[in-house]
Amino acid sequence: MTQNIFRSIFRRYIVITPILLVLIVAQMEEYSQLTTSGTFGAAIRLAIPIMLAGLGGLYSEKTGVVNIGLEGMMIMGTWFGAWGGFTFGAWQGVFIGMLGGALFGLIHAIATVSFQVDHIVSGVAINILAAGVARFLNVIAFEDIAFASSTASPRITGDIGKLTVPYLAGGNINGEETSNFFGYIEDLNIFLVSDFAGLVLGFLSNISHLTIFALAIVPLSVLVLWNTPIGLQMRSVGEYPTGSESLGVNVYLMKYIGVTISGALSGLAGAYLVIAGTGIYLEGQTGGRGFIGLASMLFGNYKPFGILMGSGLFGFADALQLRSPKAVHGLLVIIAIFLFVLALKTLFEKKYIPSLISLVLSSGFLIWFLNSESIPNQFVYFTPHITTLIVLSFSNQRIKLPEKIGVPYKKGELS
Amino acid sequence: MNLAINTKNISKSYPGVLANSNVSVQIKKSSIHAIVGENGAGKSTLMKILYGMTKPDQGEIEVFDQPANMSSPKEAINLGIGMVHQHFMLAKNLTVLENIILGIDKPSIKNLGLKKYKKLIEEVMSTYSLDIDLDMFVEDLSVGEKQRVEIIKVLFRGAKILILDEPTAVLVPQEVNELFKNLNNLKQNGVTIIFISHKLDEVLEIADDISVMRTGELIDSVKNENVSKTELAEMMIGKSLPTPPPRSTETKQNKILDIKSITSESVDGRKFFTDVSFSVFESEILGIAGVEGNGQKEVVESIIGIQNIESGEIFFNGENINNKTTRQRLESGISFIPEDRQLQAMIMDMNLTNNVIIGRQNIEKYKSNLATVKIKNAIKESENVISLFDVKTPNTNTLATALSGGNQQKFVVGRELEDNPSLLIASQPTRGIDIGAQSLIWEKLRQSRDNGLAVLLISADLEELIGLSDRIIVFYQGSTVKELSSDDVSPEDLGGYMTGLKK
Amino acid sequence: MKLSLRIASFSAPIIALAISFGLSSLILLFIGKDPIETFQIMFEYGIKGKSIVSIINRSIPLYISAIAVAVGFKMGLFNIGVEGQYLVGSIVAAFIGSQFSIITPLHILFIILIAVACSAMWAAIAGYLKVKKGIHEVISTIMLNYIGTGLISYSLTNVFDEKGSEYELPRTPELPDTGQMPALNNLFGLEDLQDLHGFLFVAIIVGIFYYWLVWKTTLGFDLRITGSNPIAAKFSGINPNRLIVVAMVTSGGFAGLVGLGPLLGYFHRFTIDFPTGLGFAGIAVALLGRNHPFGMGVGALLFAFLERSSQILDLNDVPKEIERMLQAFILLIVVVFYEVIRRFIVKQQIKDASKKVET
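Computed from a predicted model, the values in this text were never measured in an experiment. (Residues numbered from 1 in each chain as written. Chains lettered and ligands numbered in written order. Predicted model: local features only at pLDDT ≥ 70, side-chain atom pairs only at ≥ 80, totals over all residues. Heavy atoms only, no water.)

1. A short note on the overall build of chain C
- When you go through chain C residue by residue, the secondary structure sums to 15 helices and 0 strands.
- In terms of overall dimensions, chain C is globule-like: its C-alpha atoms have a radius of gyration of 22 Å, near the 21 Å expected for 359 residues.
- Overall size of chain C, expressed as C-alpha extent along the three principal axes, is 80 × 55 × 40 Å.
- Burial analysis of chain C (359 residues in total) assigns 57% to the buried set.
- In chain C, the share of contacts with a sequence separation of at least 24, taken over all contacts with a separation of at least 6, comes to 75%.
- With the model as given, the accessible surface of chain C reaches about 15,100 Å², and the carbon-plus-sulfur share is 65%.
- Of the side chains in chain C, 27 bear a positive and 24 a negative charge, and the two mean positions are spaced by 16 Å. (Helix = DSSP H or I, 4+ residues; strand = E, 2+ residues; numbered from the N terminus. Rg over C-alpha atoms; globule rule 2.2 N^0.38 Å. Buried < 20%, exposed > 50% of the residue type's maximum accessible area, 1.4 Å probe, protein only. Contact = heavy atoms within 4.5 Å. Areas by Shrake-Rupley, 256 points an atom, 1.4 Å probe, with all protein chains shown as cover. Lys, Arg positive; Asp, Glu negative; His and termini not counted. Charge placed at Lys NZ, Arg CZ, Asp CG, Glu CD.)

2. Side note on helix 14 (residues 293–310) of chain C
- Over its 18 residues, helix 14 of chain C extends 26 Å from the first C-alpha to the last, a length consistent with the 26 Å expected when each residue adds 1.5 Å.
- Within helix 14 of chain C the residues assigned to the buried category are C:Pro293, C:Met296, C:Gly297, C:Gly299, C:Ala300, C:Phe303, C:Ala304, C:Leu306, C:Arg308, C:Ser309 and C:Ser310. (Expected span 1.5 Å × (residues − 1).)

3. What to know about the interface of chain C and chain B
- Contacts between chain C and chain B engage 26 residues on the former and 36 residues on the latter.
- Of the roughly 2,600 Å² buried where chain C meets chain B, counting both sides, 65% is carbon and sulfur surface.
- Contact with chain B buries surface across chain C, with C:Thr218, C:Phe221 and C:Phe235 losing the most and accounting together for 26% of the total.
- Summed over the shared surface of chain C and chain B, the result is 1 salt bridge.
- Here B:Arg327 makes a salt bridge to C:Asp222, at a shortest N to O gap of 3.1 Å. (Buried area = accessible area lost by both parts, 1.4 Å probe. Salt bridge = Lys/Arg side-chain N within 4 Å of Asp/Glu carboxyl O.)

4. A word on the nonpolar core
- In this structure, B:Leu183, B:Phe195, B:Ile210, B:Leu494 and C:Phe199 are the most contacted members of the largest nonpolar core, which totals 334 residues.
- The element that contributes the greatest number of residues to this core is helix 15 (residues 322–358) of chain C, accounting for 15 residues.
- Apart from the residues within four sequence positions on either side, B:Phe195 is in contact with B:Ile32, B:His33, B:Ala34, B:Ile35, B:Leu164, B:Pro167, B:Thr168, B:Phe180, B:Leu183, B:Val203 and B:Ile206.
- Of all hydrophobic cores here, the second largest spans 30 residues; its members include B:Ile256, B:Val300, B:Ile314 and B:Phe336. (Core = buried A, V, L, I, M, F, W, Y, C linked by side-chain atoms within 4.5 Å.)

5. Quick look at the sheet that holds strand 9 (residues 192–197) of chain B
Residues and elements named next belong to chain B.
- Overall, mixed pairing links the 6 strands, which are arranged 7-8-9-4-10-11 in an open sheet. The sheet is open, and its two edges are formed by strand 7 (81–84) and strand 11 (217–223), each paired on a single side. Between one strand axis and the next, the sheet turns through 20° on average, direction left out of account.
- Against the sheet, helix 5 (residues 143–156) makes contact with strand 7 and strand 8 (161–165), and its axis sits at roughly 170° relative to strand 7, the strand it touches most.
- In the packing of helix 6 (residues 173–188) onto the sheet, the strands contacted are strand 4 (32–36), strand 8 and strand 9, and the crossing angle to strand 9 comes to about 145°. (Pairing = 2+ DSSP bridges. Axes fitted to C-alpha atoms, helices over the stretch in contact; angles between N-to-C directions.)

6. Some remarks on the sheet that holds strand 20 (residues 471–476) of chain B
Residue and element names in this part refer to chain B.
- The 6 strands are arranged 17-18-19-14-20-21 in an open sheet whose pairing can be described as mixed. Two strands close off the open sheet at either side, each with one partner strand: strand 17 (334–337) and strand 21 (479–485). Taking each pair of neighbouring strands and ignoring which way they run, the sheet shows an average axis angle of 20°.
- Across 4 bridges, strand 14 (residues 284–289) lies against strand 20 in parallel orientation. Considered in strand 20, the bridge of leucine 286 is made with arginine 471.
- Most of the contacts of helix 9 (residues 296–303) go to strand 19 (residues 454–458), to which it runs at about 150°, and overall it touches strand 14, strand 17, strand 18 (423–427), strand 19 and strand 20.

7. Description of the pattern of salt bridges
Residues and elements named next belong to chain B.
- For the coordinates displayed, the defined rule picks out 36 salt bridges over all chains.
- Note that glutamate 62 and lysine 8 form a salt bridge whose closest N and O atoms lie 2.9 Å from each other. Taken together, the residues glutamate 62 in strand 5 (residues 58–63) and lysine 8 in strand 1 (residues 3–14) connect sequence positions 54 residues apart.
- As a salt-bridge pair, aspartate 208 and lysine 187 come within 3.2 Å of each other at their nearest N and O atoms. On the criterion of sequence distance, the pair formed by aspartate 208 in the loop between helix 7 (200–206) and strand 10 (209–214) and lysine 187 in helix 6 is long-range, its members being 21 residues apart.
- Since its relative accessible area comes to 23%, aspartate 208 is described here as partly exposed.
- Here the salt bridges do not stand alone but share partners, grouping Arg360, Lys365, Glu381, Arg415, Glu416 and Asp419 into one network.

8. Some details on the environment of A:Trp368
All names here are of chain A.
- For tryptophan 368, the position within the fold is in helix 16 (residues 352–370).
- In this structure, the C-alpha to C-alpha distance between tryptophan 368 and isoleucine 261, residues 107 residues apart in sequence, is 45 Å.
- Apart from the residues within four sequence positions on either side, tryptophan 368 is in contact with Leu332 and Phe379.

9. Re a nonpolar patch on the surface
- Together, A:Leu20, A:Ile24, A:Tyr184, A:Leu188, A:Ile190, A:Phe191, A:Leu192 and A:Val193 line one region of the surface with nonpolar side chains, adding up to about 760 Å² of accessible area.
- On the basis of relative accessible area, A:Val193 is assigned to the partly exposed category, the value being 42%. (Patch = residues over 30% accessible without salt bridge, like charges linked within 9 Å, V, L, I, M, F, W, Y side chains within 5 Å.)

10. Topic: helix 2 (residues 35–46) of chain C
All names here are of chain C.
- For helix 2, built from 12 residues, the straight-helix expectation of 16 Å at 1.5 Å per residue is met to within 8% by its first-to-last C-alpha distance of 16 Å.
- All of the buried residues along helix 2 are Pro35, Thr38, Phe39, Ile41, Met42, Tyr45 and Gly46. Projected onto a plane normal to the axis of helix 2, the buried residues spread over an arc of 155° and lie on a single side.
- The N-terminus of helix 2 is capped by aspartate 34, whose side-chain oxygen sits 3.1 Å from the backbone nitrogen of isoleucine 36. (Arc of directions from axis to C-beta. Polar contact = N/O pair within 3.5 Å; in protein donor to acceptor, adjacent residues only side chain to side chain.)

11. Examining the side chain of A:Ser393
- Take A:Ser393: it is sitting in helix 18 (residues 383–394).
- Apart from residues no more than four positions distant in its own chain, A:Ser393 is found in contact with C:Leu129, C:Lys133 and C:Ile135.

12. Description of the interface of chain C and chain A
- On the side of chain A, 44 residues touch chain C, which itself brings 42 residues to the contact.
- Across the contact surface, chain C and chain A share 1 salt bridge.
- Between A:Arg135 and C:Glu321 there is a salt bridge whose closest N-O contact spans 3.2 Å.
- Our count for the contact surface shared by chain C and chain A stands at 4 residue pairs in polar contact (both at pLDDT 80 or more).
- Take the side of chain C that touches chain A: its biggest share by element is 15 residues, from helix 6 (residues 137–158) of chain C.
- Tallied by class, the residues present in the side of chain C that touches chain A amount to 29 nonpolar, 8 polar and 5 charged. (Nonpolar A, V, L, I, M, F, W, Y, C, P; charged D, E, K, R; others polar.)

13. What about the environment of B:Ala233?
- Structurally, the position occupied by B:Ala233 is in helix 8 (residues 229–237).
- Spatially, the C-alpha atom of B:Ala233 lies 15 Å from that of B:Glu205, the residues being 28 residues apart in sequence.

This is the structure we're talking about:
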């Protein structure tokens, strides 16, 4: 019995311990940035592009097409978003960014579905193509425009608009400021309660309309994929296209739709980076977030809300590196304790060597933590990427992949 | 006359093959009509034409007395023709309900209406007395249940004519009885059934009318009452069906493979098999019977070292091989014919010369001191296999994918036997191949056994299993539940043990 | 294979080139430039003596990078991390190589070994993550690229920086003369041109070695069958996990050589200007050359030619970025046509086989 309880705790240690640790460390004055509304707000802003890319991956992979090209489609989103935003305005930019991504999704679909090119090969080619196209377009489109260079666009025009909920987060009604309930609680500094208030405030305060739009796609995806005929058909072609075709499902069409939506969502992810973020297109701006999106899709086990959770995690890591290198330093002790717990867990399972390795690493991080004031910013720069590797290493290995993922399907090959 | 389907002089040819030649067949309403013939006789082509998957080159089809000109399965479905494929067309990560309603609605954005459909499907199920839990994932169903889902699927689409392609090939005898009961129910309710098979006993049990095909032609259509099994067999192949050849030597006392209470479980603690023990002797064929998924596949894989075992020991020629790698085991004289030749035994986009090396990359014959591949020896060996096992191929430079299934399988069997192994593990060695290749493989297995080879035979074809084996052990839920001598066992007996009905 | 099929298999890259130039021409027309004139300028500039040396120098690391990628591709392993791997190897080799001096051949050999070892170890992480943690190599190598970049920029400033240098930006100390690879100009009578990197020889040897490894050895056979059918490979006694690590380490080892052409032949130190992007370009070249040592050689030369010859375009008021588009088009179209042609050839073989069996 006791053993069972231990087991179930250990099984969830990957989720429980870090949350607990972050909460505890956040109580220290030095690291209080870890759980402020500001950090959570930034985490959401940074999580959205990853989430959108992850959802993009979901639509594509559910129809059986591996999409490594998310990154490239996202690049298209950033450039077309910036161009549309500069030329026509913010919302138009969002739409044009989505179109740009969708166009590249369509190219991926043509290569993988109609020509049965290896999905990863095509994805890699898409990424290279996107980088080249974005650079070229940027050069010719903004040739004579001030503040643009070959690797950066001018600033977008217009504003997407922000929302702060009145009463709960202190938003305005008729131009008058209202009370800020969660802000009040956050300032009380009560253990757990204030941290939670910070989290809620992050969602309610100063939130871009584009963020709301993006978040709405999560439940929408559940509805579309699991509760409509088209969603059922899309999922079926990723599982068993031969069977789907025998029931009159247009397999190619479903795959085309899935991959094109995937491109549009990645495009939206890119446009979000520009329009709700930097305000301009910068070369290399996506920084591997398309791939992190894929990771969040795996972490979320091909479920929209799982993807939301996963991207939230990555967004949080990203937010820390941007807002407070100091707080990242606090992460060191968290990692040290986490590894220590891991060492205990493996010891409990009688795996001595992994346990020893965890213990050594744990002490290493602890020593590093104690002997330094902050983490060099070059290390801070790759926090999201190393988080990705760590999270994937420890997350659930029993992912339910679509059965025929990555397998080229040729029409009319009914046995 | 009340005809469900009436074809007139249908012909269809593929490059180099006349698959159907002037086939005219009349299928009565509310009857069970069997179409029999060996592999390659043209049954599948006829079936594809009736289901709209291919168009005939010439000839006419009438469905319920109306001329029909189908060019897709969708049109066939609209005319009331449904088909249950031999390989189930089901997505295993979707529920039964989702599988059944897939494709009924246009791909649109509206509510899927699961509740509504559930009610409608339950009505259909009660009309035809079929039963299944609609909310289960297909993955968790047994083979018989999956087949039932397929039948419900086509009935729900309003099928009045049901084409069943080799429906019993994957079932154990008890499931076959269940199926036949269901089919008779359907017939009572006005459904016409086209039953494609090459198992004559079953055909005689279930069918009202029987049509026999051979080399693309319809030999004859007869009433069940007017024909005997021998007559059918003669019509089907012009001579009697091949049976496994008799053995000519006694089994020796020398234990080649000795397995001592091995147990294996998956990462999440599910048991693959528990406490399994058996031995295979020199000059013996030991048959393993079992419904798919009862641990026999994992046991075999643990013998060649692909599956891990938690406890127990495996002895080969008296030596414990627990800690040997797959490669060491294969090179020490264990040969393996996996159940899926295209997926597990051959590299389809490589030529036969390369394919003969597979599984033996590191033996001296193929590996030089410089760690390079001795391609000349491989050419010689592949030529050898091709001539000894009658593999029909232009030359050794042909890609494996260009060969027919029977020739691929003969090549694999030849490759595995040509190396003088002391143990051969043969998994489904004659599945889905033509009669000629089947009898050649039987003969070669028998010959090798008579010459001292120990053979572990896994087969879903119970006739083959009983005919070839000296002894048979039965797997049920990951354990060996029974050992039988093949001399006094019937397929029905075996089926009883395989499904746990008999103990 | 029959001669006609061999010819067919060569047609894919030619078709792809033609279509890509066609598409690029359309784009040029669209932005109001004359495509024929543009390509003519590029061609004329590209075949100048100076350009040719530059093209060969550029193609050396491209070619080796393609080989590094191809080793993985051959077994169906996508090492997208050559980029990070060669940079990690280059910086460590550049630093250690600058700390001592022995006779040239030994010194260079030593630098090569360090670079190969470091890159191989960096690549091994991805192999480990795939085997032990089930993380797909595409994701892990990409993440490792970013991590590697961060580590490099940190260590360049804090660990490997030249002590007491007046140079403002961080850089490793210069390699002593013994650690610099002599140029080949004397051999070919090119004294009046810029240095032709001596690493060309290494690249040729690497190409031959790669061919021997993949097509002649048992290890190569294992790689190829795992690439075609991993399940059958496993049943044939190959330990897939071991092979993944071996392939990843081998691929990383080749990657270690990528940065050495520029390092030993021109830069002689690791600076923040050290060429990047060679790893990604290598993927393109490997896809274009279909993992074949000769094909990749041609591909590397082609891409190097396009890169070099496009430099002249800015002077003629055409954005030189058209070259990037051109490369990307070639890549995407060629992978499509390779697939089309592959299917065509298999179909022909099946037809031939069934014909011969009948007679």
